[in-house]
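Now for the letters of each chain:
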Amino acid sequence: MKILVCIKQVPDSNKVEVDPVTGVLKRDGAASKMNPYDLYAIETALRIKEKTGGMVDVISMGPPQAMQVIKEAFSMGADHGTLLSDRRFGGADVLATSYTLAQGIKSMGEYDLILCGKQTTDGDTAQVGPEIAEWLNLPSVSNVVSIRMFEEDGITVDMDLPDEVEVAKVKFPCLLAVDKDIFQPRLPSYVKKTETKDRKIQILTLDDMTDQDELNYGLNGSPTQVQKIFPPETNDKKEIWNGSGDMLAKKLFDKVEELKFV
Amino acid sequence: MSHSDAKNIMVYVETVSDTPLNGGLEILTKAHKLAAARGEEVIAVLIGSNLEHAANTAIMAGADKVILVTKDNYEMEVYEAILTRLAEKYKPSLILSAGTLVGKDILPLVAGNLTTGCAVDVMEITDKDGNFVFTCPVYGGTVLNDLVIKGTPAVAAVRSGAFEKELVVERTGEIIKEQVGVENTVRAKIVEVVNEMAETVNLEEAQVIVSGGRGMGNKENFRLVEELALACHGVVGATRPAIEAEWVPRSHQVGQSGKIVAPKLYIACGISGATQHVSGMIGSGYIVAVNKDEDAPIFDIADVGIVGDVVKVVPLLIEEIKKIQSL
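Residues numbered from 1 in each chain as written. Chains lettered and ligands numbered in written order. Predicted model: local features only at pLDDT ≥ 70, side-chain atom pairs only at ≥ 80, totals over all residues. Heavy atoms only, no water.

The name given to chain B in an unreviewed UniProt entry is Electron transfer flavoprotein subunit alpha, and the organism recorded there is Lacrimispora algidixylanolytica. In its Sequence similarities (unreviewed entry) section, UniProt records this for chain B: "Belongs to the ETF alpha-subunit/FixB family." (UniProt positions renumbered as here; feature names shortened; annotations may be inferred.)

As annotated in an unreviewed UniProt entry, chain A carries the name Electron transfer flavoprotein small subunit and is attributed to Lacrimispora algidixylanolytica.

As structure tokens, then:
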């Protein structure tokens, strides 16, 4: 079983601010971490490998510092890592990102199963996984909350829907986007970290891709363009009341009634 | 698809038990305004069975044409293929859907099929110099983005509660039945549908939500949240810590990893206001927060903040409401 997990490095905190003068995003320091949702995808891959044998590879895209998250995946138990890193990949939206990842995956060979986390904590779109599947012409299932059955030729999974769970059966090769809590992710192991300290990470650039057309990558290949980034409106009409007691409850009730909510 | 011949707005309206969800109807009303300003039409797409009544509701909400496609269970690949085929046939300049699990499932794939971009979690749409501009949150709502999509059609999943639904009974429209044969495209086969949730929790459609967080202290105190919700005819919401403490089932979770809600009234009890929670409820019309920590971030977004012990304030409020209701 050859499994590939797509992972991403994201800012450590969501506490970002917009510079009111320049309109540029001020990130709180440069601290970054693995996208928390990806930990569930790695854990799922490792559990499958423990049952069936085979190997777990990880792929990421980003600047060279994103090797950090690949190393973290190694210390959880991943076998090989690839980083797609090229200035020409920068500024990519969902479409260009998924296209670049799909191109990278194609150049890496065949996988039976590709796993992604449900979304990232920075872009929040939850679209890249399913779009990779489209580019690779693979079936995909999103919102996977548990694995029911694992067979030679396919996998049966529970897919979370608003009011029900659908049980989907899909043949390999396929892509699954897993929800949080599918399995509890293991902590990185110190022993593995030491063992894999010098393990080589494969770096791929645009020159390694089948499609060499620069216009399909990065900002050029992105139909979605950010015009402006700005902070949400703050509420300046707010009222703060102190204390607790009959009066307060009455006052709140009056307010709510005045606004015709009850 | 070329820019020149693309016009009209296509809206996928999700249905549950043959009834259109509010999210889709809200979008139809907004789409109606956007399309009318351009002298164009709104085409609603409904997929399911027995949808005639739902089609009429869609027309009341703003659809000029309603396309009905008959299908039984939800299958992502089938729905995605249907929408793609219809987009190729009707050539809209914009495709919209509510950002439910289903909407977020299929829209990116439709966008991928049509090699165009997809905005998600859209809070506002404006028509500026012939381009639709989409306002979306990033970094869990800490900042907002204005996006334009160069590809045609633009595709966007809209956050629930972003727009107001208006039903006009006098509106008329055309209902079209389309056959779209896509069965053999299915590779992920649905073998079973399990209704595992004992109750349906419809947070997205609720007018009043009373939510509880870690500050409720224990399962027994959390019952106060339920009582208050009952008294104001609202729905119970919760933060992740309250869910993890098993005070209330997971289906009640509001926030980034739960439901995105926008009721008229949101009462936050013992909720500190972590970004992950706030990003799921900031669209609410009127926010009341009760928390004993006056520095809690929830007070930054609340319309009324009560600094006090939630376990003391809430019972008094319930009593007050009951007293008035019994008059």
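Past the structure itself, the notes keep going.
1. Points about the overall build of chain A
A tally of helices and strands in chain A yields 6 helices and 15 strands. Principal-axis analysis of the C-alpha atoms places the extent of chain A at approximately 70 × 45 × 40 Å. Here the contacts in chain A between residues at least 6 apart in sequence split such that 70% fall between residues at least 24 apart. Of the roughly 12500 Å² that chain A leaves accessible, carbon and sulfur atoms contribute 51%. Distance from the positive charge centre (31 side chains) to the negative charge centre (42 side chains) of chain A: 5 Å. (Helix = DSSP H or I, 4+ residues; strand = E, 2+ residues; numbered from the N terminus. Contact = heavy atoms within 4.5 Å. Areas by Shrake-Rupley, 256 points an atom, 1.4 Å probe, with all protein chains shown as cover. Lys, Arg positive; Asp, Glu negative; His and termini not counted. Charge placed at Lys NZ, Arg CZ, Asp CG, Glu CD.)

2. Considerations on the side chain of Gln127(A)
With respect to the helices and strands, the residue Gln127(A) is situated in the loop between β8 (113-117) and α4 (128-135). Taking the relative accessible area as the measure of exposure, Gln127(A) reaches 1% and is therefore buried. Of note is the side chain of Gln127(A), whose polar atom sits 3.2 Å from the backbone oxygen of Cys118(B). The residues touching Gln127(A), leaving out its near neighbours within four places in the chain, are Val94(A), Pro108(B), Cys118(B) and Val120(B). (Buried < 20%, exposed > 50% of the residue type's maximum accessible area, 1.4 Å probe, protein only. Polar contact = N/O pair within 3.5 Å; in protein donor to acceptor, adjacent residues only side chain to side chain.)

3. Looking at the nonpolar core
Soluble globular proteins tend to pack their nonpolar side chains together in the buried interior. Residue and element names in this part refer to chain A. Within the largest apolar cluster, 37 residues are counted, with the highest numbers of intra-cluster contacts made by Val 5, Ile 7, Ile 42, Leu 113, Leu 115, Val 141 and Leu 176. Considering every element that reaches this core, the biggest residue donor is helix α1 (residues 36-52), with 6 residues. In contact with Leu 176, not counting residues within four places along its chain, are Leu 113, Ile 114, Leu 115, Cys 116, Val 141, Val 144, Ile 155, Val 157 and Val 170. (Core = buried A, V, L, I, M, F, W, Y, C linked by side-chain atoms within 4.5 Å.)

4. Comments concerning the environment of Ile243(B)
Residue and element names in this part refer to chain B. Mapped onto the fold, Ile 243 is located in helix α6 (residues 240-244). Spatially, the C-alpha atoms of Ile 243 and Lys 33 are 40 Å apart, while their sequence positions differ by 210 residues. Once residues within four sequence positions are removed from consideration, Ile 243 is found in contact with Ala 238, Val 248, Pro 249, Arg 250, His 252 and Gln 253.

5. Comments concerning helix α3 (residues 94-108) of chain A
Since there are 3.6 residues in each turn of an α-helix, residues three or four apart along the chain are aligned in direction. In this model α3(A) runs 21 Å from its N-terminal to its C-terminal C-alpha over 15 residues, within 8% of the 21 Å that 1.5 Å per residue would give. The element α3(A) is extensively covered by neighbouring structure, given that 13 of its 15 residues are classed as buried. (Expected span 1.5 Å × (residues − 1).)

6. A closer look at empty space enclosed by the protein
Evaluated as defined, the whole model comprises 3 cavities of 30 Å³ or more. Taken as a whole, the largest cavity holds about 60 Å³ of empty space. Broken down by secondary-structure element, the contributors of at least two residues to the lining of the largest cavity are β9 (140-150) of chain A together with α3 (76-90) and β13 (188-194) of chain B. Its residues placed into classes, the lining of the largest cavity shows 5 nonpolar, 1 polar and 3 charged. (1 Å grid on protein atoms, 1.4 Å probe; cavity = no way out; pocket = protein on both sides within 12 Å on 5 of 7 lines; lining within 4 Å. Points joined across faces, edges and corners; volume = space filled by probe spheres on them. Nonpolar A, V, L, I, M, F, W, Y, C, P; charged D, E, K, R; others polar.)

7. Topic: the domain arrangement of chain B
Residues and elements named next belong to chain B. In terms of domain boundaries, chain B breaks down into domain 1 (9-177) and domain 2 (203-326). Inter-centroid distance (C-alpha atoms) of domain 1 to domain 2 is 30 Å. Roughly 750 Å² of surface becomes buried between domain 1 and domain 2 when both sides are summed, with 45% attributable to carbon and sulfur atoms. The tally of links from domain 1 across to domain 2 stands at 0 salt bridges. Counting across the interface, domain 1 meets domain 2 through 2 residue pairs in polar contact (both at pLDDT 80 or more). (Domains from an automatic or database assignment. Buried area = accessible area lost by both parts, 1.4 Å probe. Salt bridge = Lys/Arg side-chain N within 4 Å of Asp/Glu carboxyl O.)

8. Re the sheet that holds strand β14 (residues 208-212) of chain B
One open sheet holds the 6 strands; their spatial order is β15(A)-β18(B)-β17(B)-β16(B)-β14(B)-β15(B), and the pairing between them is parallel. Only two strands of the sheet have a single partner each, and these edge strands are β15 (239-242) of chain A together with β15 (235-238) of chain B. Within the sheet, the average angular offset between the axes of one strand and its neighbour, ignoring direction, is 20°. The pairing of β15(A) with strand β18 (residues 304-307) of chain B spans 4 bridges and is parallel. Bridging across to β18(B), Glu239(A) finds its partner in Val304(B). Relative to β15(B), helix α5 (residues 219-231) of chain B is tilted by about 145°, and along the sheet it contacts β14, β15 and β16 (265-269) of chain B. (Pairing = 2+ DSSP bridges. Axes fitted to C-alpha atoms, helices over the stretch in contact; angles between N-to-C directions.)

9. Focus: the pattern of salt bridges
Residue and element names in this part refer to chain A. Within this structure, the stated rule accounts for 23 salt bridges over all chains. Between Arg 186 and Glu 50 there is a salt bridge, with the nearest N and O atoms lying 2.9 Å from each other. You can see Arg 186 sitting in the loop between β12 (174-178) and α5 (190-195) and its partner Glu 50 sitting in helix α1, a full 136 residues away along the chain. Of the residues examined, Arg 186 reaches a relative accessible area of 26% and is grouped as partly exposed. We classify Glu 50 as exposed; its relative accessible area is 56%.

10. Regarding the packing of aromatic side chains
A full pass over the atoms with the stated rule returns 7 aromatic pairs over all chains. Centre to centre, the rings of Tyr99(A) and Trp135(A) are 4.8 Å apart; their planes meet at 75°, and the pair counts as edge-to-face. Linking Tyr99(A) in helix α3 with Trp135(A) in helix α4, this pair joins segments that are 36 residues apart in sequence. Seen from their ring centres, Tyr12(B) and Tyr79(B) are 6.3 Å apart, and the 85° between their planes marks the pair as edge-to-face. Here the residue Tyr12(B) occupies a position in strand β1 (residues 9-12), and Tyr79(B) occupies one in helix α3, the gap between them amounting to 67 residues. Here Tyr12(B) matches Tyr79(B) in class, with each residue buried. An aromatic cluster is defined as three or more aromatic residues linked by ring pairs; in this entry it consists of Phe89(A), Tyr99(A), Trp135(A) and Tyr217(A). Seen from the ring of Phe74(A), Arg199(A) lies directly overhead, with NZ or CZ sitting 4.7 Å from the centre. The side chain of Lys228(A) reaches across the aromatic face of Phe230(A), ending 4.8 Å from its centre. (Phe/Tyr/Trp six-rings, centres within 6.5 Å; stacked < 30°, edge-to-face > 60°. Lys NZ or Arg CZ within 6 Å of the ring centre and 35° of its normal.)

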